[in-house]
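Fold and contact review
Chain by chain, the residues run as shown.
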Amino acid sequence: MASNSTGLTPNGSAAAASASSAPPWRQFSFFDVKPVKDAQDLDSPPDVFKATPEISTVVSSSVGVLVADIHGSVHLLNRDFESINSWIAHVGGRVTHMVERLGVLVTLGEEDTVRPPLIKIWDMHHNDKKTGAPVLLRSTKIQLSNRPHPVTTLAASANLSHLAIGLADGTVLLYRHLDQSLSTSNSLTALPKPRTAHESPTEPITGLGFREPTEETPNLYLFIVTTNRVLCYQASGRGSGSNTVVDEIGASLGCAAMDWKGRGVVVAREEAIYVCGTEGRGACYAYEGNKSSVHTHLNYLVIVSPPFVASASAASATVRNFVARSANPTDSDITKVTVFDLENKFVAYSGTFTEGVREIVSQWGQIYVLTMDGQLLSLQEKSTQEKLDTLYRKALYPLALNLAKTQDLDEASVADIHKQYGDHLYAKGDDYDAAMAQFIQTIGHLQPSYVIRKFLDAQRIHNLVTYLQELHSLGLANADHTTLLLNTYTKLKDVQRLDSFIKTESRKDSEELPFDLDTAIRVCRQAGYFEHAGYLAKKYERHEDYLRIQIEDAGKYSEALAYLRKLGPEAAESNLARYGRAMLEHLPEETTQLLIDLCTSSGPLVSEPEETSPATVKVASVTPSYLSYLAINRAPASIGAPTVLSSDTATPPSPSIKTVKPDSHSHSRGDSVNEVSRSGSGASTPPATASAIKPPPPPPAPKLLSPRLYFAHFVDHMEQFVVFLETVAQRRWKQSVDDRAPGQIGTWGKGREGAEIDEEEDRKDQVAVWNTLLELYLTLPTPRMLGTKEKGLPAKLSEKKSIFDQSVMRDKAMRVLHSGNIPYDPTHALILCSTHGFTRGLVLLWEKSGMYEDVLRFWMDRDKAGDATASSKVIEALMHYGPTGHPHLYPLVLRFLTSTPELLGKHEDDLKGILEHIDEEGIMPPLGVIQVLSRNGVASVGLVKEWLMGRIKAAKEEIQSDKELTNSYRLETEAKLKEVTELADTSRPKVFHVLRCSRCSGQLDLPTVHFMCSHSYHQRCLPEHETECPKCAQEHAVIREIRNNNFRLADQHDIFISEVQESGFEAVATAFSRGILNTPRTDEVV
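Think of each chain on its own: its residues are numbered from 1, step by step along the sequence as written. The predicted origin of the model limits local features to residues at a pLDDT of at least 70 and limits the giving and counting of side-chain atom pairs to 80 or more, whereas totals for whole chains, interfaces and linings rest on all residues. Side-chain numbers come from the whole structure's heavy atoms, not from hydrogens or water.

A closer look at the overall build of the protein
Rules: Helix and strand definitions follow DSSP, with helices as H or I runs of at least four residues and strands as E runs of at least two, each counted in order from the N terminus. In this scheme, a residue with accessible area under 20% of its type's maximum is buried, one over 50% is exposed, and one in between is partly exposed, where area comes from a 1.4 Å probe on protein chains only. Per-residue and other accessible areas follow the Shrake-Rupley method at a 1.4 Å probe size, with only the shown protein chains counted as cover for residues.
Counting its regular elements, the protein contains 34 helices and 33 strands. For the protein, the proportion of its 1086 residues judged to be buried stands at 46%. Counting every atom, the protein has about 55700 Å² of accessible surface; 50% of that belongs to carbon and sulfur.

As structure tokens, this is what we get:
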């Protein structure tokens, strides 16, 4: 008999012709052969296989290995190949075919009492309680005509919905909806009526197989293999019942099987192996030689050859090795078993068996070979790592990758294969591109530094660039990788690839950037590629980075200013706090306008050109003042600045600005420094119904920025500072000192309508603005401005005297101080006016603060300093402040006027007038006046003789008046005491001379009621049981209440002490008069 040979050809139609010229299959020993022994007798094979000739069929199943014999019995074997259940399936006959699905076993067999074949269906999960055998579900005959034909093959779908039986006469019977039939009927013979799927009297059926439905092909197909053809029958779906020929090449019995994926049928012919699908023949593998059967095991195809005589000249290396090992190889026939990996196109095992092969079974992940002599051998597949090691030793890395894919290895294991493949190619030294292609496949599993170190050489730098680019595209690069890649671009001056990397990658709609954004910007800046750095910063809203690039690196101040306007108030706030000073140095007018807009407008800042009158700008310097916290003592950074705004001639920036706020987006790697809100993932939302539509929530109220943030930027730009502060005050709070007389300034508004205002912070801003403006009004123009031209200074500097005229500035300061609504700090204003010698403002502040004594003392000090008019100012201030409720000023002025003979001589008439006013108003006692005037020898007695005599005469008259009043009180008291004594004397009768009723004024008649108080009444005019004179009762009640209150106040010492502290001896005298300090008499309290 001919020996088997192996070969490979891509075209099945030419397989037979080119088999001899096809390249041989690679052969490996990926399976180990181990004999299977009986669990009870380790020297013997399993007991069930000792009578091998009596075994009719062996199949694998989900419940174990099923073995049937010629006696009609079926044995269920476990992993130790011990029978766990046995029963007679066909009495007096034999089992020819078996198939099991979902625990349901279908057996076909013959019985002596029945001529046609019998089909029986068993429930393997339930046993009969009497016999112990599985429950028999169905038992019926297979008979289409009077002449029965033997069954050649059997197939069932995965869910047992269809069952196909192939007969030797070329007929295929198809049972449909078998699963439904088994669940709906209990009759043993109730099977669906079979449909004849195929008839070919001259072509016996040699193989059947079902292709299960998938998402791509939702129909169920039945492959029918005859000796001459392969057909495909559609068993379900639209168009079911059609039968098409997919190949004109058939197969012998047992030489057809479904592939391991269940998508096609494998047909084994002498010249080759064919795989047929529903559309036609697919792959073809040249393998010459006779085949007795084919089987599938996982992804392998097992081919068994018929017995043949081994020859040393055989094409198969396995046969030649057998001949070499055997002493008498020709004494017996051998059977060859070959295990193919069709996907990876290699032979995983090839072995010979001298006793022949009875069955091949795939069960529990192993291949079991049952020989004719009853020996059971297990082909145990080696571990994947062992197989890979074998391929590594032979440098078959592509095959190792294919094997890893077939074995479903994890990504880390596949990456390790790529690594070893890359190392192999790198070690060869002639194909670095291919090596890099392999290393790229390891990204995510292999440390990038391992690959980078290999390709750091200048000759392989382009390969390194490729690797780094891929590393970034997968989002696995860190800052060091980005630095290395960008440095590589910049060193190579490869601007095109740099553009491609930065601009192309940044346009991808991915959630994460392919590189570290901070690193990319930093490297581009260091290398001088400011355009690329600016592009990245602007693209991903890194506002601080973009401004740093434009201002510090590129010097593009105009672009930076335009960008700041586009940012809007929120983002521009923090960035201007950092770069505002630099912007003012180069673009003072535009930057001042932007700062004004920031502090007065809460909306977008992108403006359209508008016709406005050009503002004149002049530069100012500053002197040390309260602004020292702004570091103003330094010289201006740029004296020759271009035209800027003037503090008193420039018009405030126009508030009519049309703005558009750009949308803000975030990126996981390129988040904005100011953390702008994320927006838009791109997912569309289905439209809502009318009832579900809700109005969008109102946007949060905008927030006005604080002008205090930007004070420090105007250190060397005082002229812009004045314009900034005045315009902010006018726009934001409607406050201004222009074109208004002192004292006429008013607050017109509280802030821009619609803006969110923190009242406390807004108040602080107003105070800070006006405090600073007041200081500028008092410090401008500086001595440097008022001086002549200095060496190196521009000619325009001499013009500042007219711009910042001191009288104009001081007038503005007075307007601020006169205002009752502008919120400046009075204490701060006092310090400023005192520091800068602003007398008018200082006096005004003292007056507004009620510090009149300080005003007088100020003029007194000025008089001591030699000011001839100061003493007159003192007299005027006294005449102005004294009559308004400030008597304490008169003693101060008296002391001042009598301090020197010169003053006394100058203001002698004023002194007399003051004394007359003191006398008229009773401001000071005469003794107090004498004490003030007599403290030195300046004032003589003759000066106050007439005034003193008048005071003595008035005092005498007052004393005499008091004496007369005292005597009248004494006489009245004595009269009252006498009357009380008479009333208390019960022995003396009381005579009433009253003729009229004290209530009705009518003539008294009996009965009459007389009271001791000399009031008489008709009895009818008095209420019943009245014992007190109604006319005197009210007066007596008031007196009693007063006395009771006085007694109660005697215990409230805190009230008495507070009155003493306030009024002194007068409070003590009043207490004596009320009896508060007297010993209380409880018997007198009513």
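Side note on the pattern of salt bridges
Stated formally: Counted as salt bridges are all cases of a side-chain nitrogen of Lys or Arg within 4 Å of a carboxyl oxygen of Asp or Glu.
Inspection of every chain in the model, using the stated rule, returns 33 salt bridges. Among the salt bridges present, the one from K419 reaches D423, with a minimum N-O distance of 3.2 Å. With K419 and D423 both in helix α6 (residues 411-428) and four residues apart, the pair spans about one turn of that helix. Given a relative accessible area of 17%, D423 falls into the buried group. In this structure, the salt-bridge partner of D762 is R732, at a minimum N-O distance of 3.3 Å.

With respect to the sheet that holds strand β5 (residues 65-69)
Note the following rule: DSSP-based pairing: two strands are paired if at least 2 bridges between them are found. What counts as an axis is a line fitted to C-alpha atoms, over the stretch in contact for a helix, and the angles between N-to-C directions run from 0 to 180 degrees.
Across the sheet, which stays open at both edges, the four strands sit in the order β4-β5-β6-β7 with antiparallel pairing between neighbours. Each edge of the sheet is formed by a strand with only one pairing partner; in this case those strands are β4 (55-59) and β7 (83-88). Geometrically, the sheet is characterised by an average inter-axis angle of 15° between neighbouring strands, direction not taken into account. With four bridges joining them, β5 and strand β6 (residues 73-77) adopt antiparallel strand pairing.

Points about unusual backbone geometry
The amide bond that connects L1006 to the next residue, P1007, takes the cis arrangement and shows omega of -10°. Tracing the backbone shows P1007 in the loop between α31 (945-984) and β32 (1008-1010). With phi around 60°, F81 is a residue other than glycine that occupies positive phi space. Inspection of the secondary structure assignment puts F81 in the loop between β6 and β7. Among the residues examined, F81 registers a relative accessible area of 3% and is labelled buried. Here E541, not a glycine, exhibits a phi torsion of approximately 60°, which is positive. In this fold, E541 is placed in the loop between α13 (530-539) and α14 (543-553).

Thoughts on the side chain of T482
Put simply, the test is: For this analysis, residues touch if any pair of their heavy atoms sits within 4.5 Å.
Inspection of the secondary structure assignment puts T482 in helix α10 (residues 479-492). Using a relative accessible area of 0% as the deciding quantity, one classes T482 as buried. Residues within four places of T482 in sequence aside, it is in contact with H472, F515, D516, T519 and A520.

As for the UniProt feature "domain: RING-type" (unreviewed entry) in the protein
Heads up, the rule is: UniProt positions are given in the numbering used here, feature names are shortened, and annotations may be inferred rather than shown by experiment.
Summarizing the sequence annotation, UniProt attributes the feature "domain: RING-type" (unreviewed entry) to residues 997-1032 in the numbering used throughout. For residues 997-1032, the end-to-end C-alpha separation is 14 Å, with 8% helix and 17% strand making up the annotated structure.

Let's talk about α10
Our working definition: An expected span of 1.5 Å times one less than the residue number is assigned to each helix.
Over its 14 residues, α10 runs 20 Å from end to end, which matches the ideal 20 Å to within 8%, given 1.5 Å per residue. Buried residues of α10: H481, T482, T483, L485, L486, T488, Y489 and T490, and no others. Within two residues after α10, K493 carries a phi angle of roughly 55°, on the positive side.

Things to note about the nonpolar core
Note the threshold: As used in this record, nonpolar core signifies buried Ala, Val, Leu, Ile, Met, Phe, Trp, Tyr and Cys residues forming a set joined through side-chain atoms within 4.5 Å.
In this structure, F31, V339, L486, F724, L817 and I914 are the most contacted members of the largest nonpolar core, which totals 160 residues. Those residues within four positions of I914 in sequence are excluded, and the remaining contacts are I875, L878, M879, Y890, V893, L894 and L897. Residues W25, C255, M258 and V267 belong to the second largest nonpolar core, which totals 27 residues.

Notes on the packing of helix α22 (residues 806-818) against helix α24 (residues 839-848)
Our working rule: Put simply, angles under 35 degrees are roughly parallel, angles over 145 are roughly antiparallel, angles from 65 to 115 are roughly perpendicular, and the rest are oblique.
Where α22 meets α24, the axes come as close as 10 Å, and the angle between the chain directions of the two elements is 0°. Considered as vectors, α22 and α24 are oriented roughly parallel to each other. Residue-level contacts link R810, D811, M814, L817 and H818 of α22 to R840, G841, L844, L845 and K848 of α24.

Description of the sheet that holds strand β8 (residues 93-101)
Taken in spatial order, the four strands of this open sheet run β8-β9-β10-β11, and their pairing is antiparallel. Each having just a single partner strand, β8 and β11 (134-141) make up the two edges of the open sheet. Within this sheet the neighbouring strands show an average axis-to-axis angle of 20°, counted without direction. In the sheet, strand β9 (residues 104-111) pairs with strand β10 (residues 114-127) via seven bridges, with the strands oriented antiparallel. Within the sheet, the bridge partner assigned to L108 lies in β10 and is I119.

Here we look at the environment of T335
Within the secondary structure, T335 sits in strand β27 (residues 333-341). With 18 residues separating them in the primary sequence, T335 and F353 have C-alpha atoms 5.0 Å apart. With sequence-adjacent residues up to four places away left out, T335 is seen in contact with V304, S305, P306, P307, G351, T352, F353, G356 and V357.

Topic: the pairing of strand β29 (residues 357-363)
Counting buried positions over the seven residues of β29 gives five, a clear majority of the element. Two elements, β29 and strand β30 (residues 366-371), share six bridges in a ladder whose sense is antiparallel. Paired with I360 across the bridge in β30 is V369. Here β29 folds back onto β30, and the loop between the two strands holds two residues, one of which, W364, carries a positive phi near 55°.

Quick word on α24
Along α24, the residues classified as buried are G841, L842, V843, L844, L845 and W846. The secondary structure elements touched by the buried residues of α24 are α22, α23 (826-835) and α25 (852-864). At the C-terminal side of α24, G850 shows a positive phi close to 75°.

Looking at the packing of aromatic side chains
This is how the line gets drawn: What counts as a ring pair is set by centres within 6.5 Å for rings of Phe, Tyr and Trp (its six-membered ring), and what kind of pair is set by the plane angle: stacked under 30 degrees, edge-to-face over 60, tilted for all other angles. In our convention, an over-ring charge means Lys NZ or Arg CZ found within 6 Å of a ring centre and within 35 degrees of that ring's normal.
Tallied over the entire structure, the rule returns 26 aromatic pairs. A network of ring pairs unites the aromatic residues Y426, Y432, F439, Y450 and F455 as a single cluster. Between the NZ or CZ atom of R460 and the centre of the ring of Y432, over which it lies, the distance is 4.9 Å. Here the guanidinium or amino end of K873 rests over the ring plane of W859, the centre of that ring lying 5.8 Å away.

Considerations on the pairing of β30
Of all six residues that make up β30, five are buried, and the element is covered over most of its length. Relative to strand β31 (residues 376-381), β30 runs antiparallel, the two being bridged by four bridges. Its bridge partner being in β31, I367 is matched across the sheet by L379. Between the antiparallel neighbours β30 and β31 lie four residues, among them G374 with a positive phi of about 90°.

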